[in-house]
Structure formats: C-alpha cells, structure tokens
Amino acid sequence: MENIPINTDSPSVIQEIIYQLKIKDVMTRDLITLRKSGTMRNVQLTMAKYKVSAVPITDSMRILGLVSIEDIIKALDNGYINDKIEKHMTRKLIVLEDDMPLSFAISYFNKYTFGRFPILNKEKELVGIISMRDINAKLLEHLNFAMQKLENSIESNNPTEIKNNTKEFQTVKFNFEIAGQASTEIKKTLKKMNLDRKFIRRVAVASYELEINQVVHSNGGVIKAVFDSDKITIIASDDGPGIPDLDKALTEGFSTANDWIRSLGFGAGMGLPNSKRVADEFEISSTPKGTIVKVGFNIIKEEI
Amino acid sequence: MKASDLETDLGYKPAYTNYPDNDITSGFTSDLLSDVMGNAREESVLITIQAHKNTVACCSLAGISAIIICSGRKIPEDMIDAAKEEDIALFTTKDNQFITSYKVYGLL
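Asks: Would you explain the overall build of chain B in this entry?
Replies: Helix and strand counts for chain B come out as 5 helices and 5 strands. If you line up chain B on its principal axes, its C-alpha atoms span 30 × 25 × 25 Å. Going through the 108 residues of chain B one by one, you find that 54% of them count as buried. Considering only intrachain contacts with a sequence separation of at least 6, the fraction spanning at least 24 residues in chain B is 47%. For chain B, the exposed area adds up to about 4,800 Å²; of that, 47% sits on carbon and sulfur atoms. A distance of 7 Å separates the average location of the 9 positive side-chain charges in chain B from that of its 16 negative side-chain charges.

Here it is as structure tokens:
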C-alpha cells in the first residue's frame, strides 16, 4: 500500500486539518468487544453480525488483545476456530492515545501494516478504534467543508459574467474588503461602452449606494447589472431582513446604521435617496425575506 | 491646480511617491461617503478623516482626483494600494478638516 502523504509543504488547509484534528475526533467510538474466555468462533460470529473486521478483547475497560479477520482466517485454516480467544489473540498491540493529533495516526499507518489501532485515553482505558476508513471519511468531510468555503470566497471575490449583457456580483454582510467591487466593475464596463462621463457617474453613484446598503444592512445579496443599448438597469436584491418602513428609508438623513458603520463614513441615511435622485427609474419593494431595488438609466442618443 | 501643489505649496505629505499629478478644480470636505458620492464634484480633492480603502472606492466612482487625510490619521497599507490602483493622489496632514479646507480653498 502506498504511503499517505503528510508533508509539511502541503497546502495549509490540509495541514490544518490533520494537525488540528485529534484522534478522538476521528475514531469509531461504538465498540464491539469480547472477553478472553470466549472462543474464536464467537469472534467470527460477532464479526459477521456487526460487520467489523477486528474485535478488541477486553477486561472491563482494559484492552488485553485484538482478534482481526486475518486471525480468524488462520483459525479456520488450521482448525482451531473453537479454541479459546486468549490462546490466539494478538497480544502485542500498538495503541494510540485519543489526544494525539490525527497526523500521528497517519504516520503510524504509514509505518506499520496494521489495518487499525486501538485508542486509549489517559487512564489507559479503551475508548475507540481507528482505521483508514475512519480517517478517509473524516478527511473528506473536512475537505468538502474547506472547498466549499474556498468556492464561496472565489464567488464573492470574482464577479461572474452570467449572460452577454448581464453581470452579477455577490455582496457579503459587513465585508468591506470587497464592498465597491461590483460598482467598480460596472463602471469599467460602462467606460468600455463609451458612455458620457456624467451618465457613468450617475450609474456608479446608484450602484455603489445599493452595494454598500447590502453590505451594511442586509444578510448579503446580489447586485445585477443589465447593459442594454438604450438602457442600463441595476437590480439589487438581498436575503433580508427587509426594510420595515420604506418611507422613512427614503427620507434623507434617516438611518438605522450602528456606530461602527457610521465611524467608517457609511450610514448617513443618504443611500436610497441618492440612488433615487440620480436614476431615471426607481422601484423598491421589501419584505422580511428580502429587499429588491431596481434603478434604470436611459441612454439618450445625445449622451453617447 | 494640480495635485502636486498640495505637496509643494502646502507641504502635505504624499502617501506614496510618483502619484498621478491629477487636475483639481474643486474641493469637498466630508466624512460621510454617501455625501461625497452624492455631492462632490468631479476632479475634486476630498478632505476627510476616513482613512480606509472604501474611501478610495467611493472617490474613484465619484471621479475624485485626490484625497487628503486630516488630523494626522494613519493611512493603512491597503488604502495606499487602492489609491495607486485607482490613480488617485493621496496625502496626509496634521491639519484638521477646517484648516485644510481653508488652505486648499486658497489655492483653487
């Protein structure tokens, strides 16, 4: 069997997983154990019943030995399947401690050919057993989680082009690192369309205000820009919690932003009023499930 | 006036060298980014204490040429990077917004 690579130059996310996870996070805790007074046949039947490939032999919480499926095959082969367990169990065991990092277990699997290791706690009591299957399952689970996180961050960092004339950008609650990226991208596209500077600025003002609104007030959302030849439309839709009083929200100076947001220069209560003022069309609807703001800008021939 | 006049005439410290010597035709003093966004004229110099990179994003979208960070507030590295990226000149001064506005107005 090939060694499992555990290198110190692995990607940090992998290292984090195998060094931070402890054996006790990965091991199987539901143990099927037998006493040494039973027979090898008992072990064989237990294995078949519980679908396990090794059975620890214990006396209360102490481990005395282990009978693996290889031991059973040998017993059948050599005709001593009805002998007492204590006569044939493997007594020379390598055990690991539940507080050790997972990397420790992996290096033991690399070093020895055993299929599993019994796990003891500090009091030397048997608390679990670890196999490569346990490790694989846990690693996959954590890698899935890490990859999902990575994918989400790529999604929010890099705007994705959906259709030819449409662009969508994710916003994330309180993430001021990427706030403004949607508007900057929209502005770049408008510049490429050779539109009038004043026109571009009007669109940029509205999209920036709506983008910041999502970052500051919503649970996150999407800024969508539609570039038609005669019209630019910005649609800001978020995942809630909604605006309780739309009239107030559209009043200049009214704000529900907290002190931290205000200290950054946001939350002056001018976001929606500013957007409405610069736009040719302005629609807003809000429920606790989300707010949708749609602003439109007509491209007049003279402006091109 | 030019952005470099802020350095040569007023002694304001540029946050990075080789900044773009943008034209400045107006000024705007505010710490509210929405206010800047909605009301500052293009080719303005923004006089503010908001020393973070969102100020640069806002100024870029509003077409602002230069930013002066007042009262000796420290400019974070990522704000300097953003300003470079967006071709916005960036200065610091110990003067507060009132004094800075008075001095800059005199140059316009």
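Right, picking up where we left off after that structure.
Asks: Can you help me understand helix α9 (residues 197-217) of chain A in this one?
Replies: Residues separated by three or four positions in an α-helix point in the same direction, a consequence of the helix having 3.6 residues per turn. Residue and element names in this part refer to chain A. The end-to-end C-alpha distance of α9 is 30 Å, a good match for the 30 Å that 21 residues give at a rise of 1.5 Å each. Within α9, 17 of the 21 residues are buried, leaving the element largely enclosed by the surrounding structure. Where α9 begins, the capping side chain belongs to D196, and its oxygen is found 3.0 Å from the backbone nitrogen of K198.

Asks: Help me out: how do you make sense of the packing of helix α8 (residues 181-192) of chain A against α9(A) in this one?
Replies: The angle between the axes and the distance between the axes are what describe a pair of packed helices. Residues and elements named next belong to chain A. One can describe the packing of α8 onto α9 by two numbers: an axis separation of 8 Å at closest approach and a directional angle of 160°. Considering the angle they form, α8 stands roughly antiparallel to α9. Here α8 and α9 pass one another in a crossing that is right-handed. Contacts between α8 and α9 involve Q181, A182, S183, I186, K187, L190 and K191 from the former and I200, V203, S207, Y208 and E211 from the latter. Taken together, the residues of the contact of α8 with α9 sort by class into 6 nonpolar, 3 polar and 3 charged.

Asks: Could you clarify how one ought to interpret the domain arrangement of chain A in this entry?
Replies: Interfaces are frequently sized by the accessible area removed from exposure as the parts join. Taken domain by domain, chain A comprises domain 1 (12-142) and domain 2 (158-303). Computed over C-alpha atoms only, the centres of domain 1 of chain A and domain 2 of chain A are separated by 59 Å.

Asks: Looking at this model, I keep getting lost on the interface of chain A and chain B. Mind explaining?
Replies: If you look at the interface, chain A gives 22 residues, while chain B gives 24 residues. Here chain A packs against chain B, burying approximately 1,900 Å² in sum over the two surfaces, 47% of which is carbon and sulfur. At the junction of chain A and chain B, the tally comes to 1 salt bridge. In this structure, the salt-bridge partner of E42(B) is R197(A), at a minimum N-O distance of 2.7 Å. The interface formed by chain A and chain B holds 13 residue pairs in polar contact (both at pLDDT 80 or more) in total. Breaking the side of chain A that touches chain B down by element, the ones donating at least two residues are α8, α9, α11 (259-263) and α12 (271-278) of chain A.

Asks: I would appreciate a short explanation of the sheet that holds strand β4 (residues 116-120) of chain A in the present structure.
Replies: Within a beta sheet, neighbouring strands are joined by backbone hydrogen bonds and run either parallel or antiparallel to one another. All names here are of chain A. Strand order in the open sheet formed by 3 strands is β3-β4-β5, and the pairing between neighbours is mixed. The strands lining the two open edges of the sheet, one partner per strand, are β3 (96-97) and β5 (126-131). Contacting β3, β4 and β5, helix α6 (residues 102-111) runs over the sheet at an angle of about 60° to β5.

Asks: What am I meant to see in the packing of aromatic side chains here?
Replies: In this description, a pair of aromatic rings is defined by centroid distance and the angle of the planes. Residues and elements named next belong to chain A. Here the structure, examined in full by the defined rule, presents 11 aromatic pairs over all chains. Ring geometry for F114 versus F117: centroids 6.0 Å apart, planes at 85°, classification edge-to-face. Its end group placed over the ring of Y108, K111 keeps NZ or CZ at 5.8 Å from the ring centre.

Asks: Is there a simple way to explain the pattern of salt bridges in this structure?
Replies: A side chain of one charge can pair with a side chain of the opposite charge when the charged atoms of the two come close. Residue and element names in this part refer to chain A. Tallying each qualifying case throughout the model produces 13 salt bridges over all chains. Here K87 ties to D83 by a salt bridge, and the two come within 3.5 Å at their closest N and O atoms. The exposed category is assigned to K87, whose relative accessible area is 61%. Taking the shortest distance from any N to any O, the salt bridge between K188 and E185 comes out at 3.7 Å.

Asks: Please clarify how helix α3 (residues 53-62) of chain B should be interpreted in this entry.
Replies: Burial analysis of α3(B) places 9 of its 10 residues in the buried class, the great majority of the element. For α3(B), the complete set of buried residues consists of N54(B), T55(B), V56(B), A57(B), C58(B), C59(B), S60(B), L61(B) and A62(B). Buried residues along α3(B) sit in contact with α8 and α9 of chain A together with α2 (33-39), β3 (44-48), β4 (66-69) and α4 (77-85) of chain B. Just downstream of α3(B), G63(B) is the residue with a positive phi angle, here 75°.

Asks: What exactly am I supposed to notice about the confidence of the model for chain B here?
Replies: Confidence in the prediction for chain B averages 94 pLDDT; 100% of positions are at 70 or higher. Taking the mean pLDDT of every element in chain B, the minimum, 89, falls on α2(B) and the maximum, 98, on β4(B).

Asks: Any chance you could explain a negative patch on the surface here in plain terms?
Replies: A contiguous patch of negative charge on the surface is contributed by E77(B), D78(B), D81(B), E85(B) and D87(B). As for its placement among the helices and strands, D87(B) is situated in the loop between α4 and β5 (89-92).

Asks: Explain the sheet that holds strand β1 (residues 13-14) of chain B here, please?
Replies: Residues and elements named next belong to chain B. The 5 strands are arranged β1-β5-β4-β3-β2 in an open sheet whose pairing can be described as mixed. Every interior strand has two partners, whereas the edge strands, β1 and β2 (26-29), have only one. In this sheet, β5 lies alongside β4 in parallel orientation, the contact comprising 4 bridges. Counted as the bridge partner of I69 is T92 from β5. The sheet contacts of helix α5 (residues 97-107) involve β2, β3 and β4, and relative to β3 the element is tilted by about 160°.

Cut-offs and rules
- Residues numbered from 1 in each chain as written.
- Chains lettered and ligands numbered in written order.
- Predicted model: local features only at pLDDT ≥ 70, side-chain atom pairs only at ≥ 80, totals over all residues.
- Heavy atoms only, no water.
- Helix = DSSP H or I, 4+ residues; strand = E, 2+ residues; numbered from the N terminus.
- Buried < 20%, exposed > 50% of the residue type's maximum accessible area, 1.4 Å probe, protein only.
- Contact = heavy atoms within 4.5 Å.
- Areas by Shrake-Rupley, 256 points an atom, 1.4 Å probe, with all protein chains shown as cover.
- Lys, Arg positive; Asp, Glu negative; His and termini not counted.
- Charge placed at Lys NZ, Arg CZ, Asp CG, Glu CD.
- Expected span 1.5 Å × (residues − 1).
- Polar contact = N/O pair within 3.5 Å; in protein donor to acceptor, adjacent residues only side chain to side chain.
- Axes fitted to C-alpha atoms, helices over the stretch in contact; angles between N-to-C directions.
- Parallel < 35°, antiparallel > 145°, perpendicular 65-115°, else oblique.
- Left-handed = near helix turned anticlockwise from the far one by under 90°.
- Nonpolar A, V, L, I, M, F, W, Y, C, P; charged D, E, K, R; others polar.
- Domains from an automatic or database assignment.
- Buried area = accessible area lost by both parts, 1.4 Å probe.
- Salt bridge = Lys/Arg side-chain N within 4 Å of Asp/Glu carboxyl O.
- Pairing = 2+ DSSP bridges.
- Phe/Tyr/Trp six-rings, centres within 6.5 Å; stacked < 30°, edge-to-face > 60°.
- Lys NZ or Arg CZ within 6 Å of the ring centre and 35° of its normal.
- pLDDT = per-residue confidence, 0-100.
- Patch = residues over 30% accessible without salt bridge, like charges linked within 9 Å, V, L, I, M, F, W, Y side chains within 5 Å.

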